[in-house]
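Letter by letter, the chains look like this.
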Amino acid sequence: MNPPLLSVRNLSVQFRHRHETTYAVQDVSFDLHAGETLGIVGESGSGKSVTCSALMGLLPCPPASIPQSSRALFDGRDLLKLREHELASLRGQQISMIFQDPMTCLNPCMRVGDQVAEPLVLHKGLSRREARARAVEELALTGIPDPEQRALAYPHEFSGGMRQRVMIAMALITRPRILIADEPTTALDVTVQKQVLDLLRARQQELGTAVILITHDLGVVKNYAHRIQVMYAGSIVESAPADELIAHPLHAYTRSLLASMPAARPKGERLRPIPGLPPTLKHPVLGCSFRPRNIIGNPDLCPTDHTPPLIEISPSHFVRNCPGCLASSDI
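Model, not experiment: these values are computed from the prediction.

Cut-offs applied
Residues numbered from 1 in each chain as written. Predicted model: local features only at pLDDT ≥ 70, side-chain atom pairs only at ≥ 80, totals over all residues. Heavy atoms only, no water. Buried < 20%, exposed > 50% of the residue type's maximum accessible area, 1.4 Å probe, protein only. Helix = DSSP H or I, 4+ residues; strand = E, 2+ residues; numbered from the N terminus. Pairing = 2+ DSSP bridges. Axes fitted to C-alpha atoms, helices over the stretch in contact; angles between N-to-C directions. Parallel < 35°, antiparallel > 145°, perpendicular 65-115°, else oblique. Left-handed = near helix turned anticlockwise from the far one by under 90°. Contact = heavy atoms within 4.5 Å. Nonpolar A, V, L, I, M, F, W, Y, C, P; charged D, E, K, R; others polar. Polar contact = N/O pair within 3.5 Å; in protein donor to acceptor, adjacent residues only side chain to side chain. Core = buried A, V, L, I, M, F, W, Y, C linked by side-chain atoms within 4.5 Å.

> Would you mind going over the pairing of strand β9 (residues 210–215) in detail, with residue names and values included?
With 6 of 6 residues buried, β9 lies mostly within the body of the structure. On β9, burial covers both faces: Ala-210, Ile-212 and Ile-214 on one face and Val-211, Leu-213 and Thr-215 on the other are all buried. In this structure, strand β3 (residues 37–41) lies alongside β9, joined through 5 bridges in parallel fashion. Bridge pairing in β9 links Ile-40 to Ile-214. Pairing between strand β8 (residues 178–182) and β9: 5 bridges, direction parallel. By the bridge assignment for β9, Ile-178 is matched with Ala-210.

> Can you tell me about the packing of helix α4 (residues 112–124) against helix α7 (residues 160–172), naming the residues and giving the values?
Running from N to C, α4 and α7 cross one another at 25 degrees; their axes reach a closest spacing of 7 Å. The orientation of α4 relative to α7 falls into the category roughly parallel. Relative to α7, the crossing made by α4 is right-handed. Residues Val-112, Gln-115, Val-116 and Pro-119 of α4 touch α7, and the partners they reach there are Val-166, Ala-169 and Met-170. In terms of residue class, the contact of α4 with α7 is made up of 6 nonpolar, 1 polar and no charged.

> Could you give an account of the sheet that holds strand β13 (residues 317–320), naming the residues involved and the relevant values?
The 8 strands are arranged β7-β8-β9-β3-β10-β11-β13-β12 in an open sheet whose pairing can be described as mixed. Looking along the sheet, the strands with just one partner apiece sit at the ends: β7 (95–98) and β12 (310–314). This sheet shows a mean twist of 20 degrees between the axes of neighbouring strands, independent of strand direction. Sheet topology note: the strand β10 (residues 227–232)/strand β11 (residues 235–241) ladder contains 6 bridges and is antiparallel. Counterpart to Tyr-232 in the pairing with β11 is Ser-235. The strands touched by helix α11 (residues 252–259) within the sheet are β3, β10 and β11, with β10 carrying the most contacts at an inclination of about 105 degrees.

> Describe in detail the side chain of Ser-46, supporting the description with residues and values.
For Ser-46, the location among the structural elements is in the loop between β3 and α1 (48–56). Separated by 2.8 Å, the side chain of Ser-46 and the backbone oxygen of Glu-43 make a polar contact. Here Ser-46 is in contact with Ala-24, Met-231, Tyr-232, Ala-233, Gly-234 and Ser-235, once residues within four sequence places are set aside.

> Kindly report on α11, identifying the contributing residues and their values.
Counting buried positions along α11 gives 8 out of 8 residues, so the element sits mostly inside the fold. Looking at α11, one finds that the buried residues are Ala-252, Tyr-253, Thr-254, Arg-255, Ser-256, Leu-257, Leu-258 and Ala-259. On its buried side, α11 packs onto β3, α9 (218–221), β10, β11, α10 (242–247) and α12 (323–326).

> So what's going on with the nonpolar core? Residues and values would help.
Counting 55 residues, the largest nonpolar core has Leu-218 and Ile-228 as the members making the most contacts within it. Not counting chain neighbours up to four residues away, the residues in contact with Ile-228 comprise Gly-39, Val-41, Leu-218, Val-221, Lys-222, Glu-238, Ser-239, Ala-240, Ala-242, Leu-245 and Ile-246. The next biggest cluster of nonpolar side chains, apart from the first, holds 34 residues, and it includes Leu-6, Val-8, Val-13 and Met-56.

> Hey, could you go over the side chain of Thr-51 for me, with residue numbers and the actual values?
Following the sequence through the fold, Thr-51 ends up in helix α1. Since its relative accessible area comes to 0%, Thr-51 is described here as buried. A polar side-chain atom of Thr-51 sits 2.7 Å from the main-chain carbonyl oxygen of Gly-47. Setting aside chain neighbours within four positions, we find Thr-51 in contact with Leu-11, Val-25, Val-28, Phe-30 and Met-231.

Shape is all these values report; function is a separate question.
This is the structure we're talking about:
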């Protein structure tokens, strides 16, 4: 296999506020290969968006801090050690990001065509006229009807699904090597969700872009990701090829997420919600972080004095080696 396009090792992120520290991400490692889609799944507050924001250099430091031992190698350079001007030259050109809410990310005072064209002016040195023509072409490729006229419109004149298409056009117009899609289907109905995800996949296949797809919905990534990484309380609890993870989930949290999906239950059968809330992460988690909410495994077997290590249980299938969370699984 070719070397990874992005290699993240032992990424940790802490936020310091007055006398409190929040341990948002703890020792996250993964590889991303060219053309691959990596799905990162977990509840709100599990550390998904913080992980990718750290890679993009979007976290203000302070209050955020990243240990020197953390690494994120892209093209032989550590993204976590680059200066701001070096990161600025990569953002929007080599690595792009689609954010959760396009309405708050698009400038309400700029025409859509100018916003889509802006990365070409900043990173490729094109004139405004040339960039605008390319923007119209990109809007057409994302399925926006009458792109020449719609390029003259403002964001509030678009529907939610159309605004998300604009964000995709803006992110891909420079042909980046990595695209981070942070909850790209939030607040969209199911039909529009599928349209947006199908568009994203089609454009990815055309351009060969590697994609990190962040979501809380396993139903979204199981059809679009090559590999799925499940995060809980700032850490990876399970990671495997998508088909393998859906067919043979091992960790109690992964199994709980699947059990809570309406599509995974027979019609008329009650859902199995996960009780309680994730930990606040105001202190480093000692022991199994999922123990208080573990109703699928055996919480009595979950360790309380050490964090279970991430081990390879089968080829390319990694899971936290917690006896309580692995209880009653297939192993």
